[in-house]
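Residues per chain are reported as follows:
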Amino acid sequence: KISANLAMQAQADLAWGGKPNPAMPTPPVPPAQGAYYGGFPMMPFAMPPTSMADSSGKEMEEGRDKAEARLVSRSITYQKEGGTTANGFPVGAAFPDGPAGARGFGLLQIVNLVGFVLNAFIVNTSSLGWYGATNTELSRKYTTFLTPRGTAFSIWGLIYVTQGLFTVYQLFPSQRGTDNVFVNRIGWAWTCVNFFQIMWTVVFAQDSVWTALVFMALIWASLLAIVIRLDPGRASTLIAGTYQEDERFNVSPLDWFLYYLPFQIHFGWITVAFILNTNVTIVFEKASVEIMFAVSIACLGIALSSATFWVATRRDMVHAFVIAWATHWVSQHITNTSGEVPLPWGTPNDALMVRSLSMAAGIVSVISLLMGFLAMSLAWGSFFWARYRSGQ
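Each chain carries its own residue numbering, running from 1 in the written order of its sequence. Per-residue local features of the predicted model are confined to residues with pLDDT of at least 70, and side-chain atom pairs are confined, for both listing and counting, to 80 or more; whole-chain, interface and lining totals are unaffected and use all residues. Values reported for side chains reflect all heavy atoms of the structure, with hydrogen atoms and water molecules removed beforehand.

1. Comments concerning the overall build of the protein
To be explicit about the condition: Secondary structure elements follow DSSP: runs of H or I of four or more residues count as helices, runs of E of two or more count as strands, with numbering from the N terminus. With a 1.4 Å probe rolled over the protein chains alone, any residue whose accessible area is under 20% of its type maximum counts as buried; one over 50% counts as exposed, and the rest are partly exposed. Whether two residues touch is decided by their heavy atoms; if any such pair falls within 4.5 Å, the residues are in contact. Surface accessibility follows the Shrake-Rupley procedure with a 1.4 Å probe radius. Residue values consider only the protein chains on display as shielding.
When helices and strands are tallied, the protein shows eleven helices and four strands. Expressed as a percentage of its 392 residues, the buried residues of the protein come to 51%. Contacts spanning at least 24 positions in sequence make up 72% of the contacts within the protein whose residues lie at least 6 apart. Total accessible area computed for the protein in this model is approximately 17,700 Å², and 68% of it derives from carbon and sulfur atoms.

Shown next, in the form of structure tokens:
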């Protein structure tokens, strides 16, 4: 009977973020389907393993939200020595903290800082021609039917600003330690992103187009891992009508802005960059105009499908907005008849197929924009409606 009561107490605490009774410890037990675990909705097939304190009396700790008023706890449970977090990501020896770290920082926080600084430095200094040809020079050399106007690349400013804020915020004393669920879930994947992005910058400057495509795929895969690990156990969709309230924003708006937004923007843009890099490779291989045009149409379909998928499965408004941004500038760029925008094989900018492709890119942009607003209204609507109901 006592064990059953403890399990019920832990179930309620993990599901609703309620403050536990100090006299009644709450061992980590998996919640039922539809409940929240570690601050995120978990399905039975996606639940991470949990570990109980063994007979030797290893102490178990539970990290909780600092604000008692939050509806959902982001609690994770871990063993102090050589254990694993309840969300399945390593802590302890993997992420040393306290005296073993530098001024109380975990190893991962330090690596995040160093990786971001190196990435920002090398990528931005590439425009000076330090590593070979600049991106502007290579863009004109390998112009495609989907090359956007230069204005589109200003989104890198937003990416670096938001990721810079993340890098600084994760170093705050309140965010340090092995029990930072967001840093643990992002894990070493962002280190991979920074490394692969540096390598892409160098090899592309050396005109190694195929090698650059490989590194672009690795950047995309690493960002995909981050986006998925920040939202584990997602199985419901808008189409099926099973998307539960609070499922998207059971973290605070501040946490979403600092931990989610930077990587969602980056992932959306790298999706576009991967598509563009693929088209550059086809131009590099001197394919015919017919093949280039067919691939461009297919890539616009892939871009729209990507926006649709992330909106339908995760209400990811950011991904849709980034796709809309990129395809808008593609639409505006390829029909420029000023002579400043050369197209493959000297194709006229006012040719019928070019104008048709421009219209298709514009349609993709509008649809993606509308889906982004739909996802935003549903996600934020659920968030504020849940807060309103909790206050009644």
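2. Re the environment of Y260
Position of Y260 relative to the elements: it lies in helix α8 (residues 253-284). Given the relative accessible area of 1%, Y260 is considered buried. Put simply, Y260 and T162 are 98 residues apart on the chain and 9.7 Å apart in space, counted from C-alpha to C-alpha.

3. Section: the pattern of salt bridges
Here the idea is simple: oppositely charged side chains can pair when their charged atoms come close. As a reminder, the rule being used: What counts as a salt bridge is simple: a side-chain nitrogen of Lys or Arg found within 4 Å of a carboxyl oxygen of Asp or Glu.
Evaluation of the coordinates by the stated rule reveals one salt bridge. Its salt-bridge partner being D207, residue K141 comes within 2.6 Å of it at the nearest N-O pair. Remark: D207 occurs in the loop between α6 (189-205) and α7 (209-230) and K141 occurs in helix α3 (residues 135-141); sequence separation between them is 66 residues. Using a relative accessible area of 26% as the deciding quantity, one classes D207 as partly exposed.

4. Concerning the packing of aromatic side chains
To keep things clear, this is the line we draw: Note on ring pairs: Phe, Tyr and Trp rings are taken, using the six-membered ring of Trp, and paired if centres are within 6.5 Å. Classes follow the plane angle, with under 30 degrees stacked, over 60 edge-to-face and the rest tilted.
This structure, assessed with the given rule, holds 25 aromatic pairs. Arranged with centres 4.7 Å apart and planes meeting at 15 degrees, the rings of W200 and F204 form a pair that is stacked. One end of the pair, W200, and the other, F204, are both in helix α6, four residues apart, so they sit about a helical turn from each other. Across the pair, exposure class does not vary: W200 and F204 are buried alike. An aromatic cluster of three or more residues is present, and its members are F116, W156, Y160, F166, Y169, F172, F182, W190, Y259, Y260 and F263.

5. What about the nonpolar core?
Put simply, the rule is: Buried Ala, Val, Leu, Ile, Met, Phe, Trp, Tyr and Cys residues that are joined via side-chain atoms within 4.5 Å together make up what is termed a nonpolar core.
Ranked by internal contacts, the top residues of the largest apolar core, which has 79 residues, are F145, I186, W190, L223, I226, Y259 and W269. Among the elements that make up this core, the one with the highest residue count is α8 (16 residues). Sequence-distant contacts of F145, defined by excluding residues within four places in its chain, comprise V289, M292, F293, S296, V330, I334, L343, P344, T347, M353, V354 and L357.

6. Side note on the layout of surface pockets
Stated precisely, the cut-off is as follows: A cavity here means a set of points on a 1 Å grid, drawn over the protein atoms and nothing else, where a 1.4 Å probe fits but cannot get out; a pocket is an open set with protein on both sides within 12 Å along at least five of seven lines, and a residue lines either one if it has an atom within 4 Å of a point. Grid points are joined across faces, edges and corners, and a volume is the space filled by probe spheres set on the points. Throughout, the ten residues Ala, Val, Leu, Ile, Met, Phe, Trp, Tyr, Cys and Pro are labelled nonpolar, Asp, Glu, Lys and Arg are labelled charged, and all others, Gly among them, are labelled polar.
Here the largest pocket is characterised by a volume of approximately 990 Å³. Contributing to the lining of the largest pocket are 37 residues, with N135, T136, S139, F153 and L276 lying nearest its centre. Elements that contribute at least two residues to the lining of the largest pocket include exactly α2 (107-125), α3, α4 (155-169), α6, α7 and α8. Counted by class, the lining of the largest pocket contains 19 nonpolar, 15 polar and three charged residues.

7. Points about the side chain of S331
Inspection of the secondary structure assignment puts S331 in helix α10 (residues 317-333). Other than its neighbours up to four places away in sequence, S331 contacts S358, A361 and G362.

8. Quick word on α2
Put simply, the rule is: Helix span, expected: 1.5 Å multiplied by one less than the number of residues in the helix.
Helix length check: α2, at 19 residues, gives a terminal C-alpha distance of 27 Å against a target of 27 Å (1.5 Å per residue), a fit within 8%. Against the buried residues of α2 lie α4, α5 (181-186) and α6.

9. Brief notes about the confidence of the model for the protein
Put simply, the rule reads: pLDDT expresses how confident the predictor is about each individual residue, on a scale running from 0 to 100.
For the protein, per-residue confidence averages 73 on the pLDDT scale, and 64% of positions sit at 70 or higher. Per-element confidence in the protein is highest for α6, whose mean pLDDT is 94, and lowest for strand β4 (residues 76-79), whose mean pLDDT is 31. A low-confidence stretch, residues 14-19 stays under pLDDT 50, and its non-local contacts, those more than four residues away or across chains, total 17 contacts. Low confidence marks residues 235-249, where pLDDT is under 50. Its contacts with residues over four positions away, or in another chain, come to 46 contacts.

10. Concerning α8
Here is the rule: A residue's bend is given by the angle between axes fitted to the 7 residues ending at it and the 7 residues starting at it.
Taking 1.5 Å as the rise per residue, α8 with 32 residues should run 46 Å; its terminal C-alpha atoms sit 44 Å apart, in good agreement. At Y260, α8 is deflected by roughly 45 degrees, the largest bend along its length, and proline P262 occurs up to four residues later in sequence. K286 sits one or two positions beyond α8 and adopts a positive phi of about 60 degrees.

11. What about the packing of α6 against α7?
The criterion, for reference: Under this scheme, a helix contributes an axis fitted over its contacting stretch, all axes are lines through C-alpha atoms, and angles between N-to-C directions fall in the 0 to 180 degree range. Angle categories are assigned with fixed cut-offs, so that under 35 degrees is roughly parallel, over 145 is roughly antiparallel, 65 to 115 is roughly perpendicular, and the rest are oblique. Crossing handedness is read from the near helix: turned anticlockwise from the far helix by less than a right angle, it gives a left-handed crossing, and turned clockwise, a right-handed one.
Running from N to C, α6 and α7 cross one another at 160 degrees; their axes reach a closest spacing of 9 Å. In terms of orientation, α6 lies roughly antiparallel with respect to α7. Note that α6 runs across α7; the crossing there is left-handed. Touching A189, W190, C192, V193, F196, Q197, M199, W200, V203 and F204 of α6 are T211, A212, F215, M216, L218, I219, S222, L223, A225 and I226, all from α7.

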